[in-house]
Number of protein chains: 2
Amino acid sequence: MELLTATLKAITPLDESLLAEAQRHLDQLTKPQGSLGRLEELAAQAYAISGGRFRPLQRMAIAVFAADHGVVEEGVSLYPREVTAQMVLNFLAGGAGINVMARHLGAEVVVVDIGVDHDFAGVPGLVARKVLRGTRNMARQPAMTRQEAVAALEVGIAVVNELAARGVQALGTGDMGIGNTTASSAVLAALAGLSVEDATGRGTGISDAMLAHKVRVIERALACTQPDARDPLDVLAKVGGLEIAGIAGAMLAGAAARLPVVVDGFISTAAALLAVALAPACRAYLIAAHRSAERGHTVMLEKLGLQPLLDLDMRLGEGTGATLALGLLQVALRIACEMATFGEANVSTALDG
Amino acid sequence: MELLTATLKAITPLDESLLAEAQRHLDQLTKPQGSLGRLEELAAQAYAISGGRFRPLQRMAIAVFAADHGVVEEGVSLYPREVTAQMVLNFLAGGAGINVMARHLGAEVVVVDIGVDHDFAGVPGLVARKVLRGTRNMARQPAMTRQEAVAALEVGIAVVNELAARGVQALGTGDMGIGNTTASSAVLAALAGLSVEDATGRGTGISDAMLAHKVRVIERALACTQPDARDPLDVLAKVGGLEIAGIAGAMLAGAAARLPVVVDGFISTAAALLAVALAPACRAYLIAAHRSAERGHTVMLEKLGLQPLLDLDMRLGEGTGATLALGLLQVALRIACEMATFGEANVSTALDG
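Residues numbered from 1 in each chain as written. Chains lettered and ligands numbered in written order. Predicted model: local features only at pLDDT ≥ 70, side-chain atom pairs only at ≥ 80, totals over all residues. Heavy atoms only, no water.

1. Notes on the nonpolar core
Working step 1: Counting residues in hydrophobic clusters, the biggest one holds 293 residues, and the most contacted among them are A:Leu39 and B:Leu39.
Working step 2: If we ignore the near neighbours within four places in the chain, the residues touching A:Leu39 are A:Leu328, A:Val331, A:Ala332, A:Ile335, B:Met101, B:Met314 and B:Leu324. (Core = buried A, V, L, I, M, F, W, Y, C linked by side-chain atoms within 4.5 Å. Buried < 20%, exposed > 50% of the residue type's maximum accessible area, 1.4 Å probe, protein only. Contact = heavy atoms within 4.5 Å.)

Laid out in structure tokens, this is it:
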């Protein structure tokens, strides 16, 4: 609890005057004012986060948290539970979507076992920080105790504290966990008071019948565990997941370390709801990567007041959306650092009119 | 006219069965089917364009066509006419938005003087293919003769034929020309039968009063020159621009060479309307980069049946939107080439359900 408390305390509000200072620089570059749209917003946000500097992004990391979900025994996913562990091995071998996209970006992929139901002993490259071998089945009992949820948050914090200490300048979040759209929809419904039907989508691509079943399972979980909407730790423990906790912790640590944190898709945004509920000032450090095809994601983003950068009908998770958005952040910062000003390039500025 | 005729003849319809063939490969990769959304569509389109291969994109070029517009003397832009030439020099010096973004992507920027009202003699790095020193003022007379319009189309074709011969694998289009949103809006209104008001936006950022004036100028140009909506060459010559013609020619040559062509923003999409009117099969080779903030762009894209990849509130032109979309195409192809299949990675496939 100590690490969590210290991290929450370390998150300070963004100095909004720095956004205007950044914009004054961007307005001197050889382009009509504001004509690079959201790239200019991104550059200004990064400027303010770093305390008033435009720095090229050279070191980026995607922190991928993997865990299993007890609720999978209710038959809510198209894939068997073993796929979580199989995909972790695929990440470590470099064959998954996130690996290809992170290589393309030039970012490091950090794979964290925070709760996979598999013994990875001796597997190289894995950050082994297992809190539990998967959550309990929330349809029958709380997924975690409050202590376990805090431990998982603190794993996320510790992972990002280490990345920050190693000089990582921006962070993307990612997830792997069969069953984790079920947990994320439950978090959304519990925290935001949404109906389970509106909060629940097809995950990996389930049928109408399975979707109706998934909705009933989440309704049963909420009725059984009674999460308290005013207590984010209670919601996280009762209907969340270990990887969701890890991602929320990563966001809190990123904000505390004054790093831009790119929020991936549905699972990561559920984690962002929790992180912002725990520390509202954290929101200013977050960048929403994309609008996921998963139902409920748009409402989540609205609750957070975040406007996604991309809308490419993606729903893979793993941090794949985050890599694309980190690429936009990187180019936005290059623009701020490298474009010529009107004065430097001897280009006439706008006429009065 | 000979080069144009030969190019139009060389454009063949896409083999649609290759799209399904590409999708069968993408469905074997370790991710839920379709979960990479529009990246999968992009990879499949590139596969079909190349005749049935997934090839990593290593050589890309942005062809930026620059020209002046006689209609600027009516006071339709916020910037003086000299800015076209000043920005060409900025491109050649590497200081403009397109330079930074193309460097970031690893793409070459090819700057073509197709009609700038400036003598660039001796300036290194410029592709000097001036057809005229700017168009005539379309509010008083046709902007170009039909012969001049064809000559400008053929400059675009020749530039891209050379790039294709040098091994460029994908192309982005770009523009520079003070006054060119005025010409593009006129092309849209004339070709698509849209009201000038609906086709006209703020360009570099003009006021309400200037916008109303710009609308009246375009209405006057259409009334004066009477372009024939059924004859794209007539529309291009009377109310188009030299860079718009060059871009349209580049698109035709790209399709003829079986290259994916990424359409930038408002100006490039006006050129795409003309290219597709001249050769409907060209459409399948085009990729719409983004939804520009310029009014009328959404209607243009709908007329073409193209769905933009990005919506970042950009309105700079130069090919800046195209560079971002080429980056997406590049990562889409890496995914298709590098991701592990379920079999290779020993990952269980979806359960029946």
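Continuing now.
2. A closer look at the sheet that holds strand β1 (residues 60-67) of chain A
All names here are of chain A.
Working step 1: With parallel pairing, 6 strands are arranged side by side in an open sheet as β3-β2-β1-β4-β5-β6. A single partner strand is all that each edge strand has here, and the edge strands are β3 (127-128) and β6 (286-288).
Working step 2: Where helix α4 (residues 82-93) meets the sheet, its contacts fall on β1, β2 (108-115) and β4 (170-176), and the angle it forms with β4 comes to roughly 140°.
Working step 3: In the packing of helix α14 (residues 320-338) onto the sheet, contacts are made with β1, β4, β5 (261-263) and β6, and the angle to β4 comes to roughly 170°. (Pairing = 2+ DSSP bridges. Helix = DSSP H or I, 4+ residues; strand = E, 2+ residues; numbered from the N terminus. Axes fitted to C-alpha atoms, helices over the stretch in contact; angles between N-to-C directions.)

3. So, the pairing of β4(A)
Residue and element names in this part refer to chain A.
Working step 1: Along β4, 7 of the 7 residues are buried, which leaves the element largely enclosed by surrounding structure.
Working step 2: Alternating positions in β4 separate into two faces, Ala170, Gly172, Gly174 and Met176 on one and Leu171, Thr173 and Asp175 on the other, with burial throughout.
Working step 3: Two elements, β4 and β5, share 2 bridges in a ladder whose sense is parallel. Looking at β5, one finds that leucine 171 is bridged to valine 261.

4. Observations regarding the relation of the copies chain A and chain B
One copy of the chain maps onto the second through a rotation about an axis and a displacement along it.
Working step 1: When chain A is fitted to chain B, the best match, at an RMSD of 0.0 Å, comes from turning it 180° and sliding it 0.0 Å along the axis. As the rotation angle and translation indicate, the two copies are arranged about a two-fold axis. The C-alpha atom lying nearest the rotation axis in chain A is that of A:Leu310; the distance is 3.2 Å.
Working step 2: Of all interface residues in chain A, 100% are interface residues in chain B too; the two copies therefore contact each other through one and the same surface. (Least-squares fit on C-alpha atoms with pLDDT ≥ 70 in both.)

5. Some details on the domain arrangement of chain A
Often the size quoted for an interface is simply the accessible area lost on bringing the parts together.
Residues and elements named next belong to chain A.
Working step 1: Each assigned domain of chain A is listed with its residue range as follows: domain 1 (2-54 + 336-345) and domain 2 (60-330).
Working step 2: On a C-alpha basis, the centroid separation for the pair domain 1 and domain 2 is 28 Å.
Working step 3: Facing the 17 residues of domain 1 at the interface are 26 residues of domain 2.
Working step 4: Summed over both partners, the interface of domain 1 with domain 2 buries about 1,900 Å², with 68% contributed by carbon and sulfur atoms.
Working step 5: Our count for the domain 1 to domain 2 interface comes out at 0 salt bridges.
Working step 6: Where domain 1 packs against domain 2, one counts 9 residue pairs in polar contact (both at pLDDT 80 or more).
Working step 7: Of all the secondary-structure elements, those providing two or more residues to the side of domain 1 that touches domain 2 are α1 (2-10) and α3 (37-49).
Working step 8: Take the side of domain 1 that touches domain 2: its biggest share by element is 7 residues, from α3.
Working step 9: Tallied by class, the residues present in the side of domain 1 that touches domain 2 amount to 12 nonpolar, 3 polar and 2 charged. (Domains from an automatic or database assignment. Buried area = accessible area lost by both parts, 1.4 Å probe. Salt bridge = Lys/Arg side-chain N within 4 Å of Asp/Glu carboxyl O. Polar contact = N/O pair within 3.5 Å; in protein donor to acceptor, adjacent residues only side chain to side chain. Nonpolar A, V, L, I, M, F, W, Y, C, P; charged D, E, K, R; others polar.)

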